[in-house]
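A look at the structure
Residues per chain, in single letters:
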Number of protein chains: 2
Amino acid sequence: MIGIFDSGYGGLTVLRHVRSRLPERSTCYLGDSGRTPYGGRDVHTILDFAEQAVERLFDEGCRVVVVACHTVSCVGLRHLQQRYCGPHSARRVLGVAIPGAEIATRVSRGRIGLLATEATVSSGTYDVEVAKLGDHQVVGRAAPVLPPIVEEGWEDTALAREALRTYLADLPDIDTLLLGCTHFPLLKPALDDVVPAGVTVVDPAPFVAERLEDWLTRHPEFDTLDAAPVHRVLCTGDPVRFARHGARFLGHPLPEVETIGEINGRLAPRNPSDRPVGQVVRSD
Amino acid sequence: MIGIFDSGYGGLTVLRHVRSRLPERSTCYLGDSGRTPYGGRDVHTILDFAEQAVERLFDEGCRVVVVACHTVSCVGLRHLQQRYCGPHSARRVLGVAIPGAEIATRVSRGRIGLLATEATVSSGTYDVEVAKLGDHQVVGRAAPVLPPIVEEGWEDTALAREALRTYLADLPDIDTLLLGCTHFPLLKPALDDVVPAGVTVVDPAPFVAERLEDWLTRHPEFDTLDAAPVHRVLCTGDPVRFARHGARFLGHPLPEVETIGEINGRLAPRNPSDRPVGQVVRSD
């Protein structure tokens, strides 16, 4: 079973391509929607949350976990790999920043604009990964207004175009625009209208799925084909809301969304009816 | 020393009114900017963070803490009060939801629109508090796009007006618009342009300061006048960014911003140069 982890709904755009390219693999998606967004957060908080998510996916039986979230891939991937994937470990954690840098440098003639979260841009990880591949320049712009626009379902409105125009004005002279956040592929119709001629928009998700397929071919010990693959979705927030919004990201309806929550520092199954309303008083 | 706690910069709009009304009191502001926004988060996470913040302010010498954040006031105030403010405790925690409900019902002729975070709206706390005061109706709309618009400094743009117009279309027939998030007072110029005639916009912050003054008069054992009041600001995120953005919320420059971070489940002082960049690997 392949695990896919994201801070919320966005990674479902990656799951979509993984399922389409690898239809005989079971998948388990974990969306930390109860604690999203990660992008403006402290690095140590991001690492805590990422450890909990990856451990939950291992507990569900995943041996390979793809961190679909650019924020986590940019600040915490190496930490997750060192913590869980020693040379004799039967588990692997893969990210999206290296495939993202690869596809962007392959497409770009020299100047790559990166639209992402504050944490992704300020990590400098894309600059580092692109520099390993060529002489391309990376210009980053944090775009914190875009994820909530997409979550509201406003991705194809005048407002989304106006926000994109404002952000793009801060990325002059680019020839390639790398979508460094899993929410942004939904902005494609708006981007088509506002991106200047000659700029290529790159969504790394299809390439992430392609690189995952390569990787599984090279590491058959981590691969399992299922005659009847199972697809599960776990989330930390409201499962009804997750299913409703998530379908837009995945491109078709979600399986029944299972609820998990933090209990004693770990993400464990939780009854959705435990979700409290109004003033909450707890004893511990 | 009066403590003021918010999930980020927004509560500085409350601090502004508290300092103006109570110039002889020292203040300590704690903005949890490293973990903001709280609004889309799980209730138990919000409670964890609120406990840490309030305990830090108590440790700094505050005996009265005002929870300026509507999200925390709506879901966690009673918890904080029960946990920290028993009948013999020398500490008190006050919120903004009751003053907010009071001023809104005083202004409204019957139908109050509430613009706030998802957690504030879905808590139903404003409905409960308003129902205690009269027959007014509350119609809520979560507005997750607005806080990042304000944090980008775009509060007086066509984009802000378009977002407000879209949200207001979901609040028909209101006569009063209650700003149920501390970011929203900065949208005043845009609101003046788009709010329909006959709708009064209410920012509860000045009234929160007025009710705090009343409360201190009635509880002199919690009050201290300082000949030379001290004003401190603590934040969990990037202190440079906090100072730069914060000045717009406070209306004047901030004192030197001190950095705190979560260490073993508590918010403790932290050296800002400890803030990591790039891939972070930690051992613990």
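What you are looking at is a predicted structure, and each value in this text was computed from that prediction instead of being measured.

1. With respect to helix 8 (residues 158–169) of chain B
Taking 1.5 Å as the rise per residue, helix 8 of chain B with twelve residues should run 16 Å; its terminal C-alpha atoms sit 16 Å apart, in good agreement. Residues B:Leu159, B:Ala160, B:Glu162, B:Ala163, B:Leu164, B:Tyr167 and B:Leu168 constitute the buried set of helix 8 of chain B. Packed against the buried residues of helix 8 of chain B are helix 8 (158–169) of chain A together with strand 5 (111–116), strand 6 (137–142), helix 7 (146–151) and helix 9 (188–194) of chain B.

2. Overview of the relation of the copies chain B and chain A
Relative to chain A, chain B is turned by 180° and slid 0.0 Å along the rotation axis, the superposed coordinates differing by an RMSD of 0.0 Å. In the structure described here, the two chain copies are related by an operation that fits a two-fold rotation axis. In this assembly the copies share their binding face: 100% of the residues contributing to the interface of chain B also contribute to that of chain A.

3. Considerations on the domain arrangement of chain A
Residues and elements named next belong to chain A. When cut into domains, chain A gives domain 1 (2–96 + 207–271) and domain 2 (97–203). Distance between the C-alpha centres of domain 1 and domain 2: 22 Å. Residue-level contacts link 27 residues of domain 1 with 23 residues of domain 2. Looking at the side of domain 1 that touches domain 2, the elements that each hand over two or more residues are helix 1 (12–21), helix 3 (70–84), helix 10 (205–218) and helix 11 (239–250). Ranked by residues supplied to the side of domain 1 that touches domain 2, first place goes to helix 3 with six residues. For the side of domain 1 that touches domain 2, a count of residues per class yields 13 nonpolar, ten polar and four charged.

4. Quick word on the nonpolar core
Within the largest apolar cluster, 169 residues are counted, with the highest numbers of intra-cluster contacts made by A:Phe5, A:Val66, A:Val67, B:Phe5 and B:Val67. The residues touching A:Phe5, leaving out its near neighbours within four places in the chain, are A:Gly11, A:Leu30, A:Ala53, A:Val54, A:Leu57, A:Val65, A:Val67, A:Ala68 and A:Cys69.

5. Quick word on helix 11 of chain A
Residue and element names in this part refer to chain A. Those residues of helix 11 lying buried are Pro-239, Phe-242, His-245, Gly-246, Phe-249 and Leu-250. Projected down its long axis, helix 11 shows its buried positions confined to an angular sector of 140°, all on one face. Contacts made by the buried residues of helix 11 are with helix 1, strand 2 (27–31), helix 7 (146–151), strand 9 (231–235) and strand 10 (257–263). Just downstream of helix 11, Gly-251 is the residue with a positive phi angle, here 90°.

Rules behind the numbers
Residues numbered from 1 in each chain as written. Chains lettered and ligands numbered in written order. Predicted model: local features only at pLDDT ≥ 70, side-chain atom pairs only at ≥ 80, totals over all residues. Helix = DSSP H or I, 4+ residues; strand = E, 2+ residues; numbered from the N terminus. Expected span 1.5 Å × (residues − 1). Buried ≥ 20, exposed ≤ 12 C-beta atoms within 10 Å, placed from the backbone. Contact = placed C-beta atoms within 7 Å. Least-squares fit on C-alpha atoms with pLDDT ≥ 70 in both. Domains from an automatic or database assignment. Nonpolar A, V, L, I, M, F, W, Y, C, P; charged D, E, K, R; others polar. Core = buried A, V, L, I, M, F, W, Y, C linked by C-beta atoms within 7 Å. Arc of directions from axis to C-beta.

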